Amino acid sequence: MRLRWGWGAVTHPGNGQGNGERTGPLGRGPECARLDQVIADVRGGESHVLVVHGPPGVGKSTLLEYAEQSATNMQVLRTVGVESEMELPFATLHHFCSPLLDRTKYLPAPQRDALETVFGMRAGPPPERFLVGLGVLSLLSEATQERPLLCFVDDAQWMDRVSAQVLGFVARRSQAESVGLIFGARERPQELLGLPDLLVEGLQEADAHALLDSVTRVRLDQRIRDRFVAETRGNPLALLELPSRLTVTQLAGGFGLVHADLLPARIEESFLARIAELPEQTRLLLLVAAAEPTGDPALVWQAASELGARPETALVNGTDGLLTFGTRVIFRHPLVRSAVYRSAKADDRRAVHKALAEATDAGTDPDRRAWHLASAAAAPDEAVAAELERSADRAQARGGPAAAAAFLRRSAALTVDTVQRAERALAAANASFRAGDLDAARELVGIVEQDAQDDFQRARAYLLRSHITFAAGFNDQAPPMLLKAAKRLEQFDMKMARETYLLAWATATFAASDEHTLKAVSRAIRELPPPEGGPSTLDLVLEGYALLVTDGHKAALSTFRRAMEALVDYPVQELLAWGWATCGVSCAIWDDRVMHETYARAVEVVRAAGALTELPIYLASLGISTVLAGDLSTADEIVAESETVSAATGMPMAQHTKLLLAAVRGRPAEASELIDDTIEWATADGQLNAVTCAHWAAAILYNGLGRYEEALPAAQASTRIAQVFVAMWVLPELVEAAVRVGQETAAQDAFQGLMDAAGMCDTDWAQGILARSRALLSDDQLADDLYREAIERFARTQLRPELARAHLLYGEWLRRMRRRSEAREQLHTAYEMFVSIGMEAFAERARRELLASGESVRRAKTAAASSDELTPQERQIAVLARDGFSNSEVAARLFLSPRTVEWHLRKVFAKLSITSRRQLRDALPLSEYESTLK
């Protein structure tokens, strides 16, 4: 008797749908139970993801078949990764989504446009791949309106990279959609790491013996049987295939056994032996099917017929079960496909790809045709290279740089002319870099540097290498490289050179460890010739930055003001290209309203464009300005959005807002741990901008706690790093800490630095911070006037924490002057403001001062302490719903599906004891700061 591997000797309870007991794969009880639970969860309205992984032949596909057959009364999507399509962008995703594409009409317009663009259903600008992911998530959610949906992706290790990224995004964002995603893979792709998984190993000994007995033709000695099972490690496919290729003598004597590490090769050899016994035309048919990834029977037969393999001859004796024809062409096992393709002669493979190219419709599928032509080329071929370049243009229009990169790499490899090859390799390197594939970009830049025939090509290659270095870690190597690249570009393209100087200056402030580099970049900018036709916005920003370093704030201020006016209505595409490098302009003019409005606009533009890789940078700037305004709950939402984006993109999140939030809240345990961790990793990575921010946060924290002896060195550490803007903001902390510990010289030096940075600015922020800091250094009557001026000025800004601190310092000074009644008035105001904002440490400092003034004050709960009922994501969703966003709009903003938003809102309503969206306005009233923005 021969047991069929896949359906045999194990039974499972019924699935709750009236089906009674079901049989499953031999020896796979626990694995089947896990899959049954996935199916039950999906039927119950939950989302579930599972990555089934293990070595070739261990039974992953059989388990996926079991799950598919168990999915009664459910919709099923199934696709398979194909090795030969790994470089063809969106190939796996297109197969996956094809049955649902008629439902795109129900999606929000941006998501619908994104999917229809990448799948060639419409023309349009290339969408951000995460917008594509959100579209797929919504598409799956829409499909579940009818029935729960179970999706299978087998051989996931062979998904093309963009499809893997999109499906990984969908797997992580799926929460409440009645969708199950089950992947089968030999090894988990990088994009699926961290998802729930199921490791499939060989059969237990008893089951392995039973399977072996079912396929052996002779009675085996027990020791031979044990050795066979041990050396195959219970691999079912090996137990089925290997004995069939051994003679009776080899089986009985135990000859021909194989070490487990060589199992895949031996299984493949077994398939090859079976293939070799087939007629020539049948083997040719198998090779055509192996080279054609879509499994289209008509296309396979058309190409095979061109090569002389026709059904009446190729299938006269069958295919020994290695290949079946139905609605799709399916191989017995993926190892059969790889065995057929890899064992074929190179000339035969090229002939097959040429036939497939001729059979593929150039009008409906030009890109796959170009791919086959490339695989058919035996040597560089300019016609094919040009066709691939045209395919790259189409792919760029559909799917952006990730889609174009693969075609451009092939095009460069097949280019005859050296100059043209270097140009195409540079285009491929740029596309790979913009797609986030830094290793491929680095390799291609090396090809350009080797083949470049002119200095402009070399300069652009060096510029790209500089970008790659910066993207790889914001380290100290990037700024001098960008400076060198900018200088080399001056003689060829001045606009490109100026943009590169801007990036060099901005990256120097990120690295912030080498003041010499920042000065060198600034001097080089000052030496540039005047721009023709008057300065552009870029020129004004550059000039302001350079003057700031070489001549100081006073010299740069008027230029910064002009730059700020130009940036208010700056074109979207320019903002997306290098707008992040201009964030310092509004800081330099000390205008809190303009700063916040500028950052808020930039976030909206970047968010609307779906540029998720850039979004965290802008969110960090907006988060800092929001904390400075004292709106800590909104800052929490910004942190939550940053974490959402970082989880979706895999890009690390800037910690600046989180650091500042923890410090302003004044929770020492939480804040100290975050500060210490940031200093440690950021120092190691050369991101000293983050180190500066961490020390600034520490200075705020310790000043709030009244631990001035710790605040002083933290503030001094920030000012010693060559970071322009945070180092400027930390100076008031340094003045306060130095005064409190009696270090008059340090306080005066810090105040002088603050005067240099803010003295020429006539804004209430600048003059308020100067008045408050000068008051700390002044004697009696002048101090009184200065504190009052600081309070008056801060009251006209959005900076509630600064106003509260001015009241606190004034109250502390009044108490020391024995003006207790006036002191209590100021301290009460400070205390109430701190409690309202959620500044716990400063509130406690104010309370202690009130006690010292003879006032009895009970500790009040701060705003932060009384609003912990909702999670950050729940609050984020609730606030957007309160502000009038629909579920679809909230979902698009937060990279969720509308059904997940609905699920979260139900939880929000239960926690807040409300029943409608209208009640959210009362349950979550606008903060004082939010009210000023409405």
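Our subject is the structure listed above.
Overview of the structure. Keep in mind it's a predicted model, so treat the numbers as computed, not measured.

Definitions and limits used
- Each chain has its residues counted from 1, running along the sequence as written.
- Where totals are concerned, whole chains, interfaces and linings use all residues; where local detail is concerned, this predicted model gives features only for residues with pLDDT of at least 70, and gives and counts side-chain atom pairs only at 80 or more.
- In computing side-chain properties, one takes all heavy atoms of the structure into account and sets aside hydrogens as well as water.
- Only protein chains enter the accessibility calculation, which uses a 1.4 Å probe; a residue whose area is less than 20% of its type maximum is buried, one above 50% is exposed, and one in between is partly exposed.
- Put simply, DSSP H or I for four residues or longer makes a helix, DSSP E for two residues or longer makes a strand, and each gets a number counted from the N terminus.
- Strands are treated as partners if at least two bridges between them are detected by DSSP.
- Residues are treated as being in contact if the distance between any of their heavy atoms lies within 4.5 Å.
- Think of a patch as exposed residues, more than 30% relative accessible area, with no salt bridge, where like charges cluster within 9 Å and nonpolar side chains (Val, Leu, Ile, Met, Phe, Trp, Tyr) cluster within 5 Å.
- Note on areas: Shrake-Rupley, 1.4 Å probe, and residue coverage restricted to the protein chains presented here.
- The rule for a salt bridge is simple: a side-chain nitrogen of Lys or Arg has to be within 4 Å of a carboxyl oxygen of Asp or Glu.
- In this tally, Lys and Arg are treated as positive and Asp and Glu as negative; His is ignored, and so are the chain termini.
- Every charge is mapped to an atom, namely NZ of Lys, CZ of Arg, CG of Asp or CD of Glu.
- A pair of Phe, Tyr and Trp rings is counted when the ring centres sit within 6.5 Å of each other, with Trp represented by its six-membered ring. The angle between the planes then sorts it: under 30 degrees is stacked, over 60 is edge-to-face, the rest tilted.
- Placement of a charge over a ring requires the Lys NZ or Arg CZ to be within 6 Å of the ring centre, with the centre-to-atom vector within 35 degrees of the ring normal.
- As a rule, the C-alpha atoms of each element are fitted with a line to give its axis, helices using only the stretch in contact, and angles between N-to-C directions run from 0 to 180 degrees.
- Note on angle classes: values under 35 degrees are labelled roughly parallel, values over 145 roughly antiparallel, values of 65 to 115 roughly perpendicular, and the remainder oblique.
- In this scheme the crossing of two helices becomes right-handed for a clockwise turn of the near helix relative to the far one and left-handed for an anticlockwise turn of less than a right angle.
- Under the convention adopted here, Pro, Cys and the residues Ala, Val, Leu, Ile, Met, Phe, Trp and Tyr are nonpolar, Asp, Glu, Lys and Arg are charged, and Gly plus all remaining residues are polar.

1. Focus: the pairing of strand β3 (residues 48–53)
Then, number 1: Taking burial as the measure, the 6 residues of β3 include 6 buried ones, the bulk of the element.
Then, number 2: Of the two faces of β3, both are covered, the one formed by His 48, Leu 50 and Val 52 as well as the one formed by Val 49, Val 51 and His 53.
Then, number 3: Strand direction decides the pairing type here: β3 and strand β6 (residues 179–185), joined by 6 bridges, are parallel. From the neighbouring strand, His 48 faces β6, where its bridge partner is Gly 180.
Then, number 4: Pairing of β3 with strand β7 (residues 197–199) involves 3 bridges; the strand directions are parallel.

2. Regarding the side chain of Glu 736
Then, number 1: With respect to the helices, strands and loops of the structure, Glu 736 is situated in helix α37 (residues 731–740).
Then, number 2: Not counting residues up to four positions away in its chain, the partners in contact with Glu 736 are Asn 703, Tyr 708, Leu 776, Arg 805, Leu 809 and Arg 845.

3. Observations regarding a negative patch on the surface
Then, number 1: A cluster of acidic side chains, namely Glu 673, Asp 676, Asp 677 and Glu 680, defines a negative patch on the protein surface.
Then, number 2: Structurally, Asp 676 can be placed in helix α33 (residues 668–685).

4. Quick word on the packing of aromatic side chains
Then, number 1: Counted by the stated rule, this structure contains 12 aromatic pairs.
Then, number 2: Geometrically, the ring pair formed by Trp 590 and Trp 765 is edge-to-face, given 5.0 Å between the ring centres and 70° between the ring planes. Separated by 175 residues along the polypeptide, Trp 590 in the loop between α28 (584–588) and α29 (592–609) and Trp 765 in helix α39 (residues 764–776) bring together distant segments of the chain. Like Trp 590, the residue Trp 765 is buried in the burial classification.
Then, number 3: These aromatic residues form a ring-pair network of at least three members: Trp 590, Trp 696, Trp 729 and Trp 765.
Then, number 4: Across the ring face of Tyr 462, the terminal group of Arg 488 is positioned such that the distance to the ring centre comes to 5.0 Å.
Then, number 5: The positively charged end of Arg 740 is found above the aromatic ring belonging to Tyr 708, 6.0 Å away from the centroid.

5. What about the sheet that holds strand β5 (residues 149–154)?
Then, number 1: The 5 strands are arranged β4-β5-β6-β3-β7 in an open sheet whose pairing can be described as parallel. Two strands close off the open sheet at either side, each with one partner strand: β4 (75–80) and β7. The mean inter-strand angle of the sheet, taken between neighbouring strand axes irrespective of direction, is 15°.
Then, number 2: Relative to β5, helix α5 (residues 129–143) is tilted by about 135°, and along the sheet it contacts β4, β5 and β6.

6. Some remarks on the pattern of salt bridges
Then, number 1: One pass over the full model with this rule turns up 52 salt bridges.
Then, number 2: Salt-bridge contacts for Asp 154 lead to Arg 78; the nearest nitrogen and oxygen are separated by 3.7 Å. Note that Asp 154 is positioned in strand β5 and Arg 78 in strand β4, a separation of 76 residues in sequence.
Then, number 3: Judged by its relative accessible area of 5%, Asp 154 falls in the buried class.
Then, number 4: Note that Glu 844 and Arg 847 form a salt bridge whose closest N and O atoms lie 3.0 Å from each other. A residue pair is termed a helical-turn pair when its members lie 3 or 4 positions apart in one helix, as Glu 844 and Arg 847 do in helix α43 (residues 840–852) at 3 residues. A single burial state applies to Glu 844 and to Arg 847, both of which are buried.

7. Some points on the packing of helix α25 (residues 537–550) against helix α26 (residues 553–568)
Then, number 1: Here α25 crosses α26 at 155°, and the two axes come no closer than 8 Å. Here α25 lies roughly antiparallel to α26, going by the angle between them. Both α25 and α26 take part in a crossing whose hand is left-handed. Residues Thr 537, Leu 540, Val 541, Glu 543, Gly 544, Tyr 545, Leu 547 and Leu 548 of α25 lie in contact with α26, whose contacting residues are His 553, Ala 555, Ala 556, Thr 559, Phe 560, Arg 562, Ala 563, Ala 566 and Leu 567.
Then, number 2: Here the contact of α25 with α26 is composed, by residue class, of 11 nonpolar, 4 polar and 2 charged.

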